[in-house]
Amino acid sequence: KNNGYFTFGSFNNFMKVNEEVLDVWVTILKNIKKSKLILKSSLYLCEDVIKKKFNSEGLADSIQILKKTKRNDFSSHINNYDKIDMCLDTFPFNGVTTTIEALWKNVPVLTKVGYNFNSRCGESILRNANIDNFIATNNEDYINKAVFYANNIDKLEDVRKKLFEEIEKSSLFDTKTFSQDFLKALNDMMLDVNKNYK
């Protein structure tokens, strides 16, 4: 609202950004007037390829690529999420750390269902965060959801008002239960091995 335009973001590694992802992101930006996309990667790869794609679509002014943050400057990295209204996940290789970071910073992430472990991470995280409405079933659904929330800021604000509070109560951030379950799994495995040890 302060900027007068909607800002998408993706801090996923550029190795996860393929032609299909770029085509979908281009379609989204073309469907939302004055929208922006902020990108950031932990690797310096593919930056020119990405810029070339958006330039060829007449969207050079719609993207911003942030420089890689130094490892010991986590606060600068995490505070970049404050510039973003909604994150766009990559596919079929989803974000994991970046998705958790975005949710922790109260920024919803739009992801797409996948077909194996690597392509289901986004869906798994969002289901456990209880925000299923940001899980798209295909490219068309992904585009439609992005356009819907960009054109319905109030609906997005409703989600963001309670997002952090909700995920903090979810299994994603329940470190105590996770630790207990993990310890139990290790103990059960050790008992099983000892039982069969000769």
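Note: the structure precedes this text.
Not measured: the values here are computed from a predicted model. (Residues numbered from 1 in each chain as written. Predicted model: local features only at pLDDT ≥ 70, side-chain atom pairs only at ≥ 80, totals over all residues. Heavy atoms only, no water.)

Note on sheets: strands pair through backbone hydrogen bonds, and any given pair is parallel or antiparallel. If you trace the six strands from one edge of the open sheet to the other, you get 3-2-1-4-5-6, paired in parallel fashion. The two strands at the open ends of the sheet, each matched to only one other strand, are strand 3 (63–66) and strand 6 (135–136). Pairing analysis gives four bridges linking strand 1 (residues 7–10) to strand 2 (residues 36–40), with the strands arranged parallel. Counted as the bridge partner of Gly9 is Ile38 from strand 2. (Pairing = 2+ DSSP bridges. Helix = DSSP H or I, 4+ residues; strand = E, 2+ residues; numbered from the N terminus.)

Here Glu166 lies in helix 7 (residues 153–169). Residue class for Glu166 comes out partly exposed when judged on its relative accessible area of 32%. Note: C-alpha distance between Glu166 and Lys34 (132 residues apart in sequence) is 31 Å. (Buried < 20%, exposed > 50% of the residue type's maximum accessible area, 1.4 Å probe, protein only.)

Turning our eyes to something else, we now look at the packing of aromatic side chains. For the structure shown, the criterion picks out six aromatic pairs. Taking the centre distance of 4.6 Å and the plane angle of 50° together, the rings of Phe11 and Tyr81 count as tilted. Here the residue Phe11 occupies a position in the loop between strand 1 and helix 1 (19–31), and Tyr81 occupies one in the loop between helix 3 (74–79) and strand 4 (86–88), the gap between them amounting to 70 residues. Under the relative-accessibility criterion, Phe11 is labelled buried at 6%. (Phe/Tyr/Trp six-rings, centres within 6.5 Å; stacked < 30°, edge-to-face > 60°.)

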